[in-house]
Amino acid sequence: MNRTSPPTIVLLGMMGSGKTTVGRALAARTGWRYMDNDELVRAVSGRAPEEIDAADGEDALHAAEADALRHALTVPPPLIAGAAAWVATHPPSVELLRAAPAVVYLRARAETLRARIGAGAGRREDATDLAWLQRRQAERDATYQGLASLTIDTDELDAEAVAQRILDAIAE
């Protein structure tokens with residue numbers, strides 16, 4: 001993942017995988033801008049993801065998330081962007097991810113995701129359902145790996161260690 005100039009890094013993974021925490025840690029270490037999915041959705045729609053979902057439904061939220069990814073990839077680098085997990089199932093977004101300079105898959109076991117999600121405040125209704133997380137993780141793991149230039153298992157790592165691994169990979 002060697003870069004001659006600071007890249008755009010897209011963090012991809014299931015909710016609870018650490019995208020926001022790692023994105024903030026990377027931004028603090030590098031001085032690069034970090035935009036999480038929620039911020040990107042607000043930038044393109046003028047509304048919070050929860051508001052879109054409540055008022056217009058999941059399909060409208062997914063459309064906004066696809067627009068958010070497209071927007072992130074137009075922001076001049078360096079940029080660290082957190083992508084919605086769903087975009088890896090959306091063919092036009094998959095094409096954008098394939099063309100992205102660096103996609104980092106933050107992988108975690110469903111049990112880890114569940115523990116990190118806690119009570120699920122601000123997350124989809126089934127976010128606290130371990131069986132749902134296990135199914136989604138199993139369905140998406142190969143897709144995420146196929147899109148990623150780097151996969152990091154985050155179960156046993158803190159955000160600083162994950163950020164260091166990403167920076168090491170960029171330097172290679």
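Residues numbered from 1 in each chain as written. Predicted model: local features only at pLDDT ≥ 70, side-chain atom pairs only at ≥ 80, totals over all residues. Heavy atoms only, no water.

Chemist: Now, about the overall build of the protein chain: what can you tell me, with residues and values included?
Modeler: Counting its secondary structure elements, the protein chain contains eight helices and five strands. Beginning at the N terminus, the succession of helices and strands in the protein chain can be written as β-α-β-α-α-α-β-α-β-α-α-β-α. For the C-alpha atoms alone, the extent of the protein chain along its principal axes is close to 45 × 35 × 30 Å. Once local pairs closer than 6 in sequence are excluded, the contacts in the protein chain between residues at least 24 apart make up 72%. Carbon and sulfur atoms make up 48% of the accessible area of the protein chain, which amounts to about 8100 Å² in all. Side chains of the protein chain carry 19 positive and 25 negative charges; the gap between the two charge centres is 3 Å. (Helix = DSSP H or I, 4+ residues; strand = E, 2+ residues; numbered from the N terminus. Contact = heavy atoms within 4.5 Å. Areas by Shrake-Rupley, 256 points an atom, 1.4 Å probe, with all protein chains shown as cover. Lys, Arg positive; Asp, Glu negative; His and termini not counted. Charge placed at Lys NZ, Arg CZ, Asp CG, Glu CD.)

Chemist: Could you give an account of the sheet that holds strand S2 (residues 33-35), naming the residues involved and the relevant values?
Modeler: One open sheet accounts for five strands, arranged S2-S3-S1-S4-S5; its pairing is parallel. Edge positions in the sheet fall to S2 and strand S5 (150-153), since each of these pairs with one other strand and no more. Across the sheet, the mean angle separating the axes of adjacent strands is 20° when strand polarity is ignored. In the sheet, strand S1 (residues 8-12) pairs with strand S3 (residues 79-82) via four bridges, with the strands oriented parallel. Residue pairing for S3: Ile-9 is matched across the bridge by Ile-80. Contacting S1, S2, S3 and strand S4 (102-107), helix H1 (residues 19-30) crosses the sheet at an angle of about 170° to S2. (Pairing = 2+ DSSP bridges. Axes fitted to C-alpha atoms, helices over the stretch in contact; angles between N-to-C directions.)

Chemist: Give a detailed account of unusual backbone geometry, specifying residues and quantitative values.
Modeler: A cis amide bond links Pro-77 to the next residue, Pro-78, at an omega of 5°. Checked against the element boundaries, Pro-78 lands in the loop between helix H4 (58-72) and S3.

Chemist: So, the side chain of Asn-37: which residues are in play, and what are the values?
Modeler: Along the chain, Asn-37 turns up in helix H2 (residues 37-45). Taking relative accessible area as the criterion, Asn-37 reaches 12% and is therefore assigned buried. Aside from chain neighbours lying at most four places away, what touches Asn-37 is Glu-65, Ala-68, Gly-82, Ala-83 and Ala-84. (Buried < 20%, exposed > 50% of the residue type's maximum accessible area, 1.4 Å probe, protein only.)

Chemist: Break down the pairing of S1 for me, citing the residues and quoting the values.
Modeler: Regular strands place their side chains on alternate faces of the sheet. Burial within S1 is extensive, with five of its five residues counted as buried. Judged by which residues are buried, S1 turns out to be covered on both faces: Thr-8, Val-10 and Leu-12 on one side and Ile-9 and Leu-11 on the other are all buried. Here S1 pairs with S4 via four bridges, running parallel. Across the sheet, Leu-12 pairs through a bridge with Tyr-105, a residue of S4.

Chemist: I'd love a proper account of H1, names of residues and values included.
Modeler: Along its twelve residues, H1 runs 16 Å from first to last C-alpha, staying within 8% of the 16 Å computed at 1.5 Å per residue. Taken together, the buried positions of H1 are occupied by Lys-19, Val-22, Gly-23, Ala-25, Leu-26 and Ala-27. The elements touched by buried residues of H1 are S1, S2, S3, S4 and helix H8 (159-171). (Expected span 1.5 Å × (residues − 1).)

Chemist: Talk me through the packing of H2 against helix H3 (residues 49-56); I want residue IDs and the actual numbers.
Modeler: Contact pair H2 / H3: the axes reach a minimum separation of 9 Å and the direction vectors enclose 65°. Each of Asp-38, Val-41, Arg-42 and Ser-45 in H2 lies in contact with H3, whose residues at this interface are Pro-49, Glu-50 and Ile-52. Residues that form the contact of H2 with H3 fall into these classes: three nonpolar, one polar and three charged. (Nonpolar A, V, L, I, M, F, W, Y, C, P; charged D, E, K, R; others polar.)

It is worth stressing that arrangement in space is one thing and function is another; only the former is reported here.
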